[in-house]
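Analysis of the macromolecular model
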Amino acid sequence: MSEEVPPPPSSPPPQAPIAFNIGEEYGTASKNLPPIKFVLIAIVMVALVAAVLIAFQEKSAATGSITEVESVDVPGQSMVMVAINLAVHNRGNRPFQIQSIQAQVDAGGKVLQDNAAPTVDLDRYFQAFPALKQHALSPMARENKIAAGADAQGTILVTFPVTPEVFASRKTLKVTIQSYDRGVPLVITK
């Protein structure tokens, strides 16, 4: 018996070459980015939101000033203790309750800061350094409330590790008073 040999497969008809562009494989900006009008709309919307936030940015509900500064040398410690008298006006329509008070000094090329001493320690410091008490007012302390539209005056005590000469030649003295319910602190600079 003879086997029939199948005819050799016929080759497919030649096809036209495939157009291949290597740049298309990785994509182009026109194919991968959204249309320019959507990008411009998004940029304009972000700018509008930023403008509204800046326009309505909360400002401190209080204003204030540093009315007097008295410093004394702490013997043998290269440190000064400073009594700072403050005047604060609450221009808001709610009480301004003090959460924290910090003082910062830029002296001798260094920026130093300290939290106000607790009110329970003030009498002890005034006994040790009578010069601080000469112009001192009642303490301005944490938890003090300043009624809406009211004024308050008080003294804080802070220490800085600088000599009296360096403190006297300071560039700036800044007091920051943070309220419990307001995001923006009151910053007083002298």
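Our subject in this report is the structure included herewith.

Moving on, we get to the pattern of salt bridges. On inspection of all chains with the given rule, the structure shows two salt bridges. Arg124 serves as the salt-bridge partner of Asp121, at 3.4 Å between the closest nitrogen and oxygen. In this pair, Asp121 and Arg124 both sit in helix α4 (residues 119–128), three residues apart, roughly one turn of the helix. In this structure, Glu143 and Arg142 form a salt bridge, with 3.9 Å as the shortest nitrogen-oxygen distance. Its relative accessible area of 39% is what places Glu143 among the partly exposed residues. Accessibility expressed as a relative area gives 52% for Arg142, which makes it exposed.

The three strands lie next to each other as β1-β2-β6, forming an open sheet whose pairing is antiparallel. In this open sheet, the two edge strands, each paired with only one partner strand, are β1 (62–74) and β6 (151–160). Within this sheet the neighbouring strands show an average axis-to-axis angle of 20°, counted without direction. Strand direction decides the pairing type here: β1 and strand β2 (residues 79–90), joined by 12 bridges, are antiparallel. Within the sheet, the bridge partner assigned to Gly64 lies in β2 and is Val88.

What follows is about a nonpolar patch on the surface. Together, Ile36, Val39, Leu40 and Ile43 line one region of the surface with nonpolar side chains, adding up to about 370 Å² of accessible area. You can see Ile43 is positioned in helix α3 (residues 36–55).

How each quantity is defined
All residue numbers here refer to positions counted from 1 along the written sequence of the relevant chain. pLDDT decides what is reported in this predicted model: residues at 70 or higher carry local features, side-chain atom pairs at 80 or more are listed and counted, and totals for whole chains, interfaces and linings draw on all residues regardless. Side-chain metrics rest on all non-hydrogen atoms present in the structure, leaving aside hydrogens and water. Just to be clear on terms, a salt bridge is a Lys or Arg side-chain nitrogen sitting within 4 Å of an Asp or Glu carboxyl oxygen. Numbered from the N terminus, helices here are DSSP runs of H or I no shorter than four residues, and strands are runs of E no shorter than two. Note on exposure labels: buried denotes an accessible area under 20% of the residue type's maximum, exposed denotes more than 50%, and partly exposed covers the range between, all computed with a 1.4 Å probe on protein chains only. Two strands make a pair as long as DSSP finds a minimum of two bridges between them. Only the stretch in contact is used when a helix axis is fitted, and all axes are lines through C-alpha atoms; the angle between N-to-C directions ranges over 0 to 180 degrees. Here the term patch refers to residues with relative accessible area over 30% and no salt bridge, with like charges joined within 9 Å and nonpolar side chains (Val, Leu, Ile, Met, Phe, Trp, Tyr) within 5 Å. Here the accessible surface of atoms and residues is derived via Shrake-Rupley with a 1.4 Å probe, and residues count as covered only by protein chains that are part of the display.

On their own, these measurements won't tell you what the molecule is for.
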